[in-house]
Each structure stands twice: as C-alpha cells, then as structure tokens.
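Working through the structure, step by step
These are the residues of each chain, in order.
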Amino acid sequence: MKKILDWLDERTGWRKVKEVLLDRHIPRGVNGWYTLGSVTLFLFSIQVVTGILLAMHYSPSPDHAYDSVRYLSGEVPMGRWIRALHKWGATGMVVAVTLHLLRVFFMGAYKYPREVTWLTGVGLFCLVIGFGFTGYLLPWDQKAYWATTVGAHMVDQVPFLGSSLAKIMKGSQELGAVTLARFYAIHVLVFPALILFLIGLHLFLVVWHGISAPPEKLGEEEGRAPDWKSRLQQRYRDLKAQGLSFFPYIIFKDIVAVTLVFLALSLVAYFRPAELEDLANPTDTTYNPRPEWYFLSVFQLLKYFPGSLESFAIVLLPLIAFGLLFGLPFLDRGPKRHPLERPFWTLAGVAAIVGLIVLTVLGARAPLTNPEVKTDPLIGEGKRLFQEFHCEYCHRLEGHGGTVGPALDNVGMRRNREWLADHFRDPKKVTAGSKMPNFRLLDGEVEALVAYMSSLGGGTFTAQAPRLYEDNCATCHKFHGVGEEVGPDLSHIGQYRDAAYIASYIKDPGPLNKDAAMQGFADQLTPQQIQDLANYLYQQGK
C-alpha cells in the first residue's frame, strides 16, 4: 500500500495537498459561526445535484414548461421531494450566505490581508440573489410569470438604459418563449460558471490567508502602531499555533453543522412541498404578484417612491448599498476589528439589518392589490380532477393543451349543466362518435367537473339576468346604456373583474372595498340569482 501511495505522491503531490488543506492549523477561538461558509458550500452542492435531476425532466418552453414541472412533481419517483429540496435549498442558501456575510462584517474579517476574499464573497452573494431571480420564471405558473413581469418593469425604470436592458432580459417586448429560454440558460449555464469560478477563488484565498481569528480589542496605542501589519501577522501565527488542525477537529464541526442542516432541509421539503400555481396567464389582470421573502424589502421600498422617484429606489439605492459593500475594505481600514472599536460601522450594519427586517415584514403584511375572492370549493375540486385525469392531453384551455377535443375556454357559455353532466356520465350517448372514453365517474366527481366547466368563460346566465340587473342595479349603475350614473359604469367590468369577484361583491362589498357605499344583496337575492347576475355582468361586460 505504501508503494502505491508513494507512486501517487510522486505524480500528484497528494501529501503536499493534504498538508496544505487538512493538516493546517486553525486559530484558537474559532467557533460554530465559522461553519456558515461550509454550510453555504454544502447548500450550493445540493442545488447543483437537485438542479441536474430537475433539468433531466424540464422543458424550457411555454408550451411544455408547466406540464414538465407538474409531471415531475406528480409522476417522477421522488420528484416532488427533489423539487422541494431545490426550492428550500435556495432559501437556505440565501439565509446561509447572508449570515456568513454578516459574520465576516461584524468580526471585521474583511480587513488586511483579506480584502479580495471579501470582494469575492460579495460577488457570490450577488450571484445567489441572481439565481433566485432567474429561477423564478422556470415553472411558468402565475407566480413565476407575474413576479418576473414586475422585475422586468423595475429594470425598465432604469434611466437611459432601462428599456434596452429590459428588452435584453426578456428577448422581446413581452415575456414569452425567448424570455424563458434566456432565463433558463442564465440559470443553468452562465451563473453556475461564474459562481464556480468565484467559489474556487474564494476558497483559494481562504486557504492562502487562513481563516480569520476572532477579533480582539487592541486599544488606542496598539491600534495606531506604525508596524500594525507585522504585529497582526505575528499575533495570527501565535493563535494558529495555539489552535487545532483542520482535520479532524474543525472539519468535524462542519460535518455536524452540514448534517443538521440537511436533516432540517429534508424534513421541510417533505412536509412543505414546492407549490405550483395555475398555468401562467398573461391576460389575468386580477393576479396579485408577490415575490419571495428575500425580495420583499425591495417590493415594499418601491411603495415609498412613486412615479418618477421609482427609478431612485430601483437604481440609486441598490448602487449605493452594493457600492458600500464592495468598498467597505477600503473605507474601514486599520487593525481594529472588534465591533466595539468600530462603532460607526457596527451601528450602520445594525441599522441596515433592522431596516431590511422591517421592510420585509411590512412587505409580507401589505394588503393585496386585488382582493382575494374565495373560490367555490366544488370548482377547485373539479379543477383538481381535470388535472388528475389529464384532460389537457385532448382539450385546449387558455392556449395550452391538446387539439383532439374541443377547446374549453368558453364551455361554460356554450353548454348548460345538464348537458355537461350527461356528457361526463356517457360521452358517446350524448355526442355520437365522441373520442372521449367513459371514465365511470362517481356522482361527486361529475358534480365537481360540471361546476368547474360551468365556471370557464364566466358561466352561463339565464334569461332572467337582465331583469335582475334592472331591478337591483340600474338605479345606481349604467350598463351598456341602461341605468343611472350614481355609481361606476359597469359596461366594461368583465375586462378587469371575473365572475367570482363580481358575485362576491354583489353578496357583500365590505371585505373587498372598505369604502364601498353599496349595500350587500345577500338578504335580497338567492345565491343562484347572485351568480346569474354576476355571470351576466361579466359576459356582457367584456
């Protein structure tokens, strides 16, 4: 065995590598906070492995991206857990790299001779945030589409270059196939190449200069000594001599920390799988875009800078913030590293953290732009069955799906409930030559599917719906020339409100608009009449 190891050493120098990487001593006083770097590196490895597994099943095109993610989550063995692990791993990576950056900041570990190490760390932090943004769009669901739309709008506000940058980012005027392909390429090719380069450089510098020792108070005299650099180096050598070797003592702490993080991440991924909202719908103006928690502070900050000041919040403030981060080693120089001996920078860091936390909490609690309307649970169950039975393989809905059967976008307007129920029970009996098989559906399943189909296109309305409008609404609202102008004109309400919202508003406006002067009609109209009136206003108001 010794001969083999000697042979390998002559050709690879592995003993020297072992001496440099594993046998090196770590300064005395290194504690659990120093494991954050290893945890971040481990989480990145998790992202690489799960990302490769996800890429094997993902199709980066608007026609197939959503289906591929849904198939991966529902059909691929362990696919649901792997996708959740990738999602929560991204969150964990943001947390770990932020805490690691804060640890270095408050311990003053960015000072001589580790200025370049700090710069590479800030660069890695920026890339981690970039990974989060580019990964947003890939599922091609509602959240992905609209959150990216908001991000593109923010880029568009950049003075002079905004429109060009937004077009480069999207690949065209609107989000589409080119945008998705571009984001996918950046997410899986460009950013990984950049981050691997920076990680390699960062680790090299960490080994070259050594892990920084915990800060000590120096006092005024020692802090102003002209030979402070040589004293600093000597003190560091003394602390290393008093410390332990990286292997096995320090690496054991890293392994314990990494194991605990992986167990926690696995449990969260198992019990809280990654969500997949409805397929992206560019025409849905009622959707409430909400970014991930690590973008909520920016989301909230924009509310304080309306109109032309928006570009200030989008461009100038981030430039100042990241400029300070990159320039910190050159602004705060000298040997003093203890937080109490750097009161200005310590207080500035605490203020920045408090500000970000407050903005994040306010962003999370901010009221929705479009009030949420509770969907009929029967409609939700029908939608679930529609997906479970893979009806989209044959039917097209919202520009997505097969063409074997008819498109279903307006089926609620074309077919009544009785016809739909009979069709689901025996398709060939209702439509001769129908290619749809008989699924032998249970009565409850038929009822749910009928409710969902009836909701598509806004639902049908009866011949009594115009009379319901004249008797209950015309005294305040004008609708295609009929009625008064006391309240808002409803002639085009179907262009910006769906039937579910209109029905909820008719029933009780209070929860949707606290300033509404209109009284609810829950006591005057039956639920069927309210829905009938809502369908009428929606369909005729498009």
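This text follows the structure it describes.
A brief look at the structure comes next. Owing to the predicted nature of the structure, the values given are computational and were not obtained by experimental measurement.

**Some details on the overall build of the chain**
Scanning the chain from terminus to terminus reveals 23 helices and 4 strands. For 542 residues, the compact-globule estimate of 2.2 N^0.38 gives 24 Å, and the C-alpha radius of gyration of the chain, at 30 Å, exceeds that figure by more than 25%. In terms of overall dimensions, the chain has C-alpha extents of about 95 × 60 × 40 Å along its principal axes. Every one of the 542 residues in the chain was classed for burial, and the buried ones make up 41%. Contacts in the chain between residues far apart in sequence, at least 24 positions, make up 73% of those at least 6 positions apart. Accessible surface for the chain amounts to roughly 30,300 Å². Of this, 64% is attributable to carbon and sulfur atoms. Both charge centroids of the chain, one from 53 positive and one from 50 negative side chains, sit 10 Å from each other.

**Quick notes on the packing of aromatic side chains**
Evaluated as defined, the whole model comprises 23 aromatic pairs. Considering the side-chain rings of Phe389 and Phe439, the 5.6 Å spacing of their centres and the 25° angle between planes classify their relative orientation as stacked. One end of the pair, Phe389, is in the loop between α16 (377–388) and β3 (396–397); the other, Phe439, is in the loop between α19 (427–430) and α20 (443–455), and 50 residues separate them in sequence. On the accessibility criterion, Phe389 (23% relative accessible area) is partly exposed. Since its relative accessible area comes to 38%, Phe439 is described here as partly exposed. Here a set of aromatic residues connected by ring pairs shows up, and it is made of Phe133, Tyr136, Phe183, Trp293, Tyr294 and Phe295. A cation over an aromatic ring shows up here: Arg114 above the ring of Tyr236, its NZ or CZ 5.1 Å from the ring centre. When the ring centre of Trp419 is taken as origin, the NZ or CZ atom of Arg415, which lies over that ring, is 4.0 Å away.

**Points about helix α4 (residues 65–74)**
Those residues of α4 that fall on the buried side of the exposure criterion are Ala65, Tyr66, Ser68, Val69, Arg70 and Leu72. Taken together, the buried residues of α4 touch α3 (36–55), α5 (79–106), α9 (177–209) and α16.

**Overview of the pattern of salt bridges**
Summed over the entire model, instances satisfying the criterion amount to 19 salt bridges. We note a salt bridge from Lys143 to Glu292, for which the minimum N-O separation is 3.5 Å. Residue Lys143 is found in helix α7 (residues 142–156), and its partner Glu292 is found in the loop between α12 (246–271) and α13 (296–301); the two are separated by 149 residues along the sequence. Given a relative accessible area of 16%, Glu292 falls into the buried group. Through salt bridges that share partners, Lys2, Asp6, Asp9 and Arg15 make up one connected network.

**Description of the environment of Trp81**
Residue position: Trp81 is located in helix α5. Remark: the alpha-carbon pair of Trp81 and Thr50, spanning 31 residues in sequence, is separated by 9.8 Å. Residues in contact with Trp81, not counting those within four places in the same chain, are Ser266, Ala269 and Tyr270.

**Observations concerning unusual backbone geometry**
The omega angle of the peptide bond from Tyr112 to Pro113 is 5°, so this bond is cis rather than trans. Along the chain, Pro113 turns up in the loop between α5 and α6 (115–136). Going from Phe247 to Pro248, the amide bond is cis rather than trans, its omega being 10°. Locating Pro248 in the fold gives a position in helix α12. Backbone geometry at His390 places phi at a positive 55°, although glycine is not the residue there. Relative to the elements of secondary structure, His390 occurs in the loop between α16 and β3. A relative accessible area of 27% means that His390 is categorised as partly exposed.

**What about the state of the cysteines?**
Enumeration according to the criterion identifies 0 disulfides in this entry. Residue Cys391 stays outside any disulfide, its sulfur separated by 8.2 Å from that of Cys394, the closest cysteine. On the accessibility criterion, Cys391 (19% relative accessible area) is buried.

**Topic: the nonpolar core**
Of all hydrophobic cores here, the largest spans 35 residues; its most connected members are Trp118 and Ile195. Counting residues per element, the ones that place at least two in this core are α3, α5, α6, α9 and α12. Considering each element in turn, this core owes the most residues, 9 residues, to α5. Residues from two domains meet in this core; each of domain 1 (36–203 + 253–272) and domain 2 (286–304 + 341–369) gives at least three. Setting aside chain neighbours within four positions, we find Trp118 in contact with Leu101, Val104, Phe105, Tyr110, Leu325, Leu328 and Pro329.

**Here we look at the packing of α7 against helix α8 (residues 162–170)**
At their nearest, the axes of α7 and α8 sit 7 Å apart, and the two run at 150° to each other. Seen from α7, the contacting residues are Gly151, Ala152, Val155 and Asp156; seen from α8, they are Gly162, Ser163, Leu165, Ala166, Met169 and Lys170. A class-by-class count of the residues in the contact of α7 with α8 yields 5 nonpolar, 3 polar and 2 charged.

**Observations concerning a nonpolar patch on the surface**
There is a patch of nonpolar side chains on the surface, built from Leu309, Phe312, Leu316, Ile320, Leu324 and Leu331 and spanning about 520 Å² of accessible area. Secondary-structure assignment places Leu316 in helix α14 (residues 310–331). A relative accessible area of 38% means that Leu316 is categorised as partly exposed.

**Considerations on the side chain of Arg342**
Structurally, Arg342 can be placed in the loop between α14 and α15 (343–365). In terms of polar contacts, Arg342 uses its side chain to reach the backbone carbonyl oxygen of Phe105, at 3.1 Å. Beyond its immediate stretch of four places on either side in the chain, Arg342 contacts Phe105, Phe106, Met107, Gly108, Tyr110, Lys111, Asp332, Lys336 and Arg337.

**Overview of α7**
Between the first and last C-alpha of α7 there are 21 Å, a value that for 15 residues agrees with the 21 Å anticipated at 1.5 Å per step. If you check which residues of α7 are buried, you get Gln142, Ala144, Tyr145, Trp146, Ala147, Thr148, Gly151, Ala152 and Met154. Where α7 is buried, its residues touch α6, α8, α9, α13 and α14.

Reading the values: rules and limits
Residues numbered from 1 in each chain as written. Predicted model: local features only at pLDDT ≥ 70, side-chain atom pairs only at ≥ 80, totals over all residues. Heavy atoms only, no water. Helix = DSSP H or I, 4+ residues; strand = E, 2+ residues; numbered from the N terminus. Rg over C-alpha atoms; globule rule 2.2 N^0.38 Å. Buried < 20%, exposed > 50% of the residue type's maximum accessible area, 1.4 Å probe, protein only. Contact = heavy atoms within 4.5 Å. Areas by Shrake-Rupley, 256 points an atom, 1.4 Å probe, with all protein chains shown as cover. Lys, Arg positive; Asp, Glu negative; His and termini not counted. Charge placed at Lys NZ, Arg CZ, Asp CG, Glu CD. Phe/Tyr/Trp six-rings, centres within 6.5 Å; stacked < 30°, edge-to-face > 60°. Lys NZ or Arg CZ within 6 Å of the ring centre and 35° of its normal. Salt bridge = Lys/Arg side-chain N within 4 Å of Asp/Glu carboxyl O. Disulfide = S-S within 2.5 Å. Core = buried A, V, L, I, M, F, W, Y, C linked by side-chain atoms within 4.5 Å. Domains from an automatic or database assignment. Axes fitted to C-alpha atoms, helices over the stretch in contact; angles between N-to-C directions. Nonpolar A, V, L, I, M, F, W, Y, C, P; charged D, E, K, R; others polar. Patch = residues over 30% accessible without salt bridge, like charges linked within 9 Å, V, L, I, M, F, W, Y side chains within 5 Å. Polar contact = N/O pair within 3.5 Å; in protein donor to acceptor, adjacent residues only side chain to side chain. Expected span 1.5 Å × (residues − 1).

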